[in-house]
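# Coordinate analysis (summary)
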Amino acid sequence: MTAVLIIGIAINLIALPIVARRVGFLYRLITSGQPAPDRVVGVTGRIGRAVKTLVVEVLAQRKLLKWTIPGAAHAFVMWAFIILGSVYVEAYGSLFTFPEGWAIPIVGHWEILGFAQDFIAVLCLLGIITFAVIRLKQSPARLGRRSRFKGSHTGGAWLVLFMIFNVLWTMFLFRGASAATGNLPYDSGAFVSIWIGDLLDGLSHDTLEVLEGAGLILHIGVMLVFLIDVVHSKHLHIFLAPLNVLFKRQPVALGSVKPLMSQGKPVTLDDIDDLDEDAVLGVGSIEDYSWKGLLDFSTCTECGRCQDQCPAWNTEKPLSPKLLIMAMRDHAMAKGPLMLAGDDEKRAKLVEGSDTLTREAERPLVGDTGDDWFYMPENGAGVIDPDVLWSCVTCGACVNQCPVDIEHVDHIVDMRRYQVLVESNFPAELNQLFKGMENKGNPWNMSPTARMDWAKDLPFDVKVVGDDIESLDEVEWLFWVGCAGAYEDRAKKTTRAVAELLDMAGVSFGVLGNGETCTGDSARRAGNEFVFQGLAQQNIETFKEYKVKKVVSTCAHCFNTLKNEYQEFGIELEVVHHTQLLNRLVREGKLTPVKEGAGAHKRSITYHDPCYIGRHNGVYTPPRELLQVLPGAEYVEMERSNERSFCCGAGGARMWMEETIGSRINENRTAEAVGTGADQIAVGCPFCRVMLSDGLTSQQANGSARAEVEVLDVAQMLLASVKGEQATRYLPGSGGEAAAAAVATKAEPEAGDVTITEDTVVDTEDVGPAAKASGGSSLFDLDSDDKADAEPEPSPKPAAASGGSSLFDIAADEPAEDTPAPAKTEAKTEPKTEASSGGSLFDIAADEPAAPKAEPAKAEPASEIGSGSLFDIAAPEPEAAPEPKAEEPKAEEPKAEEPKAESAPAAEPTTTIPEGGSLFDIAAPEPEAAPAPAPAKAPEPEPEPEREPEPEAPKAEAPKAEPAEEKPKPQASGEAHQPKTDVDINETGSLFDL
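Residues numbered from 1 in each chain as written. Predicted model: local features only at pLDDT ≥ 70, side-chain atom pairs only at ≥ 80, totals over all residues. Heavy atoms only, no water.

Looking at an unreviewed UniProt entry, the protein carries the name Heterodisulfide reductase-related iron-sulfur binding cluster, with the source organism given as Nocardioides caricicola.

See the structure below:
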């Protein structure tokens, strides 16, 4: 009938231009992103791998099937979209031949095709019913934060399920009527359509033709409406997911972090001098993302698998990987017309009269969103809150679970890079981390000459490269000790255990001793790319000098960095985790656990998967195999294990930041481990060891864990078993009597341990954010400790936003007076960082001291940095919870011992970077012990307890705590400064320590 053809053509003429316009906008928006040539090369240079990835992840639905029931339901629906595409080919053919039937050439009468069409339609119906049941059970209205759909567009999801249902029933109406009229091209294969045709067989031919025509128009019409909805909703992933999977970071966006890029090119320390003034480091606005980043945002399905696995979200923190990606997508779509405008004049015309575009144009990517919602608030405060950005532990659970290969961790690290390198805006505690890494090559600012203290009194000699051996050619392995293995007491015991085992197995190895420096993992994941690169270059030079080829490491973070990230800088290493090597030695018979005696008594063990061994590198089996061969040991698995393991909370530099929002991640994980009933919790990473030990102490203190439960590294357990020594802290049946254990197999530090020296971190609270940097100055300090003492400090206070600071600003610091402000509501108590007013990478202004100027501060702590450098911070010691101190030293403390610098005229800065050298090519002498600080007079002094004299560098005393219902936030990462003009650059400890 002509009416069917006219209506069919009309609805297509209405719908298809709408779809085409939207597709054009999306194409222009996504391709407007920064260049990402590596992604194109990743496909064109590896066609075989790219095609295999598409087949495995898209067609075989590998990632989705990790969750069996919803994965199977999605596979049914996805394959229905593909196979039922042939039904729409038949429908459009029938539209132009109606009321005559039409078949696809060649295959159109194959019964197998008709069967496949009807069978997949039935499976699709089962799939959408399954989805409906899952959404009802996982309803955010019922479960709140525990629902993985919290924050998703649930209304749109129900609409899509309804539209898929409409596609199915209109298909069977059209095909059933066609079967009844004899127009269906299949005689027996399309079993459902033929069955419906049999039901309609009693109707008149004219009635059947009307039903067939109506079914045909409805089937095409529903598809067109559905298509319009798809290109305007999250179901855009139907078309974009294959592209996103194709252009993903190969083999997976885990392990190494995406290199720092600017305008599509990697940026290294050697490139700093060649950067333009307007070069952007990291991501500071939506326009700074590459086209692959914008493709990521547009592909999100809002399934919530990442949110369900995220340790931050599961401990009541504001970060949800899903909501972060959704916020970026919504911001990009809203700001899209401005991004595509081309010039300022067009942008001005677009903004004029448009509240939405005006709000999005002014909205910062990272900004204080308040306490109600942390993503894209209506007031335009920010796309995401700083608490969202800094809550990430980079565990990779989101990337591992994402079915469309969105690279959440890379996007978060890129935003952190901008906040650190450009805005100088980061949590206060990180200043101590950066200072220690830069000055002493370790996070705790311990003496770099104390890296061999762990080896004291070992019954064999540990070969040190450069002292005992000339190069690594003389031994098989370089044993990479790492910072924790050299300075943290629990990790020292692990280091000794591994060294003993390697010696017992006859494996030749050497260490770099004091030639080691930090790998820079935490600095990179905190956003401080250049500190990381400086440390990496230093280590790589050492590796090349001593011909390092094979490395074994006890630290998961060192293992990952050496294995995956140093290759960016020109060195390929064979790197194994110590559990891998030890497992190999046991399998080869070079290490044999004693099957009887004290080391073989009955006990149960559970294992915690370190994120950077497990998810990031896929090492799950070796540590488990080791534990399962220990005589007398019964292995029990935690519910969240292997690739679904729950993070300890230390990754992403979170080890060095206080955790004040929600519950503690390490306690959540420890409670799960204790819940298995295990006597011992095995770990394979010093970060995990500290976090779980701290969590266990808390559990034992409140009676949730038995006193005999302990946390030990896998190597320590193996050493006790090989030696036949007592395998647990308490003797079996002793009622809690501790056994005398060798140092290397002890769980916790004890007085008299040979591993404990003055350069050893012992208490768990001193490992992380409470760690005190023992003197020394930072690469970017334009201030000295005595200058910091000159400013009276009020009680815990917020600070003003940083103003125009930059990585290499050597400008005068303009002191700003801190003003106390009330704490924010209990919903958020983690340190917050205000966006600074921006500044260029190379702002180098003349010294121009300014008088302090009082400014009202915002209610949340923020980085306060003048027009100085990235780490121009007097580094107050972060106090997790200041307590009242009744006996503070008063003003009668001796002050005369502090030599005061006499005033001098302002002088030109004399600091220079050696020509052709690295940013870090300036030797910093060991800082001398500072005499007792004396408070200097401030313009408006306020009563405050004086600082107590210390033999080392001065440390700020905790201020008096005032009664409050919430825990005060850690001190902001900035203080007012005054430039020093009377310092000899050769006597300072850092490049910009003026």
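After that view of the structure, there is still more to cover.
## Here's the deal with the overall build of the protein
Helices and strands together make up the secondary structure of the protein, namely 31 helices and 13 strands. Every one of the 994 residues in the protein was classed for burial, and the buried ones make up 59%. The long-range share in the protein, meaning contacts at least 24 apart out of those at least 6 apart in sequence, stands at 80%. Per element, the accessible surface of the protein, about 39,300 Å² overall, is 55% carbon and sulfur. (Helix = DSSP H or I, 4+ residues; strand = E, 2+ residues; numbered from the N terminus. Buried < 20%, exposed > 50% of the residue type's maximum accessible area, 1.4 Å probe, protein only. Contact = heavy atoms within 4.5 Å. Areas by Shrake-Rupley, 256 points an atom, 1.4 Å probe, with all protein chains shown as cover.)

## Digging into the pairing of strand β11 (residues 710-713)
On a regular strand, one side chain projects to one face of the sheet and the next to the other, so that they alternate. A two-sided burial pattern is seen for β11, the buried positions comprising Glu710 and Leu712 on one face and Val711 and Asp713 on the other. Where strand β10 (residues 680-683) meets β11, 4 bridges bridge the pair, whose relative direction is parallel. In the sheet register, Val683 faces β11, and the bridge partner there is Asp713. Following the chain from β10 across helix α29 (residues 686-701) to the adjacent parallel β11, one finds a crossover that is right-handed. (Pairing = 2+ DSSP bridges. Right-handed = clockwise from strand over helix to strand, strands pointing away.)

## Re the packing of helix α1 (residues 2-31) against helix α5 (residues 85-97)
Where α1 contacts α5, the two axes come as close as 8 Å, and the packing angle between them is 130 degrees. When the axis of α1 is compared with that of α5, the two are oblique. For the element pair α1 and α5, the recorded crossing hand is left-handed. Judged by residue contacts, Val4, Leu5, Gly8, Ile9 and Asn12 of α1 engage Tyr92, Leu95 and Phe96 from α5. (Axes fitted to C-alpha atoms, helices over the stretch in contact; angles between N-to-C directions. Parallel < 35°, antiparallel > 145°, perpendicular 65-115°, else oblique. Left-handed = near helix turned anticlockwise from the far one by under 90°.)

## Some details on the pattern of salt bridges
Tallying each qualifying case throughout the model produces 49 salt bridges. Notably, a salt bridge pairs Asp38 with Arg39, separated by 3.4 Å at the nearest N-O pair. By relative accessible area, Arg39 is classed as buried at 5%. We note a salt bridge from Arg451 to Glu516, for which the minimum N-O separation is 3.4 Å. On the criterion of sequence distance, the pair formed by Arg451 in the loop between α20 (430-440) and β3 (463-464) and Glu516 in the loop between β5 (509-511) and α23 (521-525) is long-range, its members being 65 residues apart. What makes Arg451 buried here is its relative accessible area of 2%. (Salt bridge = Lys/Arg side-chain N within 4 Å of Asp/Glu carboxyl O.)

## Quick notes on the pairing of β10
Burial of β10 is two-sided: the residues Gln680 and Ala682 facing one way and the residues Ile681 and Val683 facing the other way are all buried. Relative to β10, strand β8 (residues 603-607) runs parallel, the two sharing 3 bridges. Residue pairing across strands places Tyr607 opposite Ala682, the latter belonging to β10.

## What about the environment of Glu500?
When you line up the elements, Glu500 lands in helix α22 (residues 489-504). The class for Glu500 is buried, based on a relative accessible area of 10%. Spatially, the C-alpha atoms of Glu500 and Ala715 are 9.7 Å apart, while their sequence positions differ by 215 residues. If we skip the residues at most four places from it in the chain, Glu500 touches Leu458, Phe460, Leu719, Lys723 and Ala744.

## Here we look at the nonpolar core
Leu324, Met328, Ile384, Met415, Leu430 and Phe543 are the most contacted members of the largest nonpolar core, which has 181 residues in total. Excluding anything up to four places from it in sequence, Ile384 contacts Leu324, Ala327, Met328, Leu365, Val366, Gly367, Thr369, Phe374, Tyr375, Leu389 and Met415. Ranked by size, the runner-up nonpolar core spans 40 residues in total, among them Ala121, Val160, Ile164 and Met171. (Core = buried A, V, L, I, M, F, W, Y, C linked by side-chain atoms within 4.5 Å.)

## Focus: the confidence of the model for the protein
Regions with low pLDDT carry predicted coordinates that are not meant to be interpreted in detail. Scored by pLDDT, the protein has a mean of 81; 76% of the residues are at 70 or more. Throughout residues 772-994 the model reports pLDDT below 50, and contacts reaching past four residues in sequence, or to other chains, amount to 488 contacts. (pLDDT = per-residue confidence, 0-100.)

## A look at the packing of helix α11 (residues 237-246) against helix α12 (residues 291-299)
At a minimum axis distance of 9 Å, the contact between α11 and α12 shows a crossing angle of 140 degrees. Looking at the two axes, α11 sits oblique to α12. Where α11 crosses over α12, the two elements pack in a sense that is left-handed. Contact with α11, carried on its side by His237, Leu240, Ala241, Leu243 and Asn244, involves Lys292, Leu295, Asp296, Ser298 and Thr299 of α12 and no other residues of that element. Of the residues belonging to the contact of α11 with α12, the class tally is 4 nonpolar, 4 polar and 2 charged. (Nonpolar A, V, L, I, M, F, W, Y, C, P; charged D, E, K, R; others polar.)

## Focus: unusual backbone geometry
The omega torsion of the bond from Phe98 to Pro99 falls at 10 degrees, within 30 degrees of zero and hence cis. Between Gln250 and Pro251 the backbone carries a cis peptide bond, its omega angle lying at -5 degrees. Looking at where Pro251 falls in the secondary structure, it is placed in the loop between α11 and β1 (261-262). Phi at Glu302 is positive, roughly 60 degrees, even though this residue is not glycine. Examined against the element boundaries, Glu302 turns out to sit in the loop between α12 and α13 (305-309). The phi dihedral of Lys547 is positive, around 60 degrees, even though this residue is not glycine. Its location among the elements puts Lys547 in the loop between α24 (529-545) and β6 (550-553). By relative accessible area, Lys547 is classed as partly exposed at 44%.

## Comments concerning the state of the cysteines
Under the definition given, this model contains 0 disulfides. Of all cysteine sulfurs in the structure, the one in Cys395 sits closest to Cys310, which takes part in no disulfide; the separation is 6.3 Å. In this structure Cys518 is not part of a disulfide, and its nearest cysteine sulfur, from Cys483, lies 3.8 Å away. For Cys518, a relative accessible area of 8% gives the class buried. (Disulfide = S-S within 2.5 Å.)

## Things to note about the sheet that holds β5
Ordered in space as β3-β5-β4-β6-β7, the 5 strands form an open sheet in which the pairing is parallel. Unpaired on one side and paired on the other, β3 and β7 (574-577) mark the two borders of the sheet. Where β6 lies against β7, 4 bridges are found, and the strand directions are parallel. Following the sheet pairing, Lys550 is matched in β7 by Glu574. Across the sheet, helix α26 (residues 578-587) lies against β4 (477-480), β6 and β7, angled at about 80 degrees from β7, the strand it touches most.

## Section: the sheet that holds β10
Taken in spatial order, the 4 strands make up an open sheet running β9-β8-β10-β11, and their pairing is parallel. With one partner strand each, in any of the chains shown, β9 (633-635) and β11 form the two edges of the open sheet. Taking each pair of neighbouring strands and ignoring which way they run, the sheet shows an average axis angle of 35 degrees.

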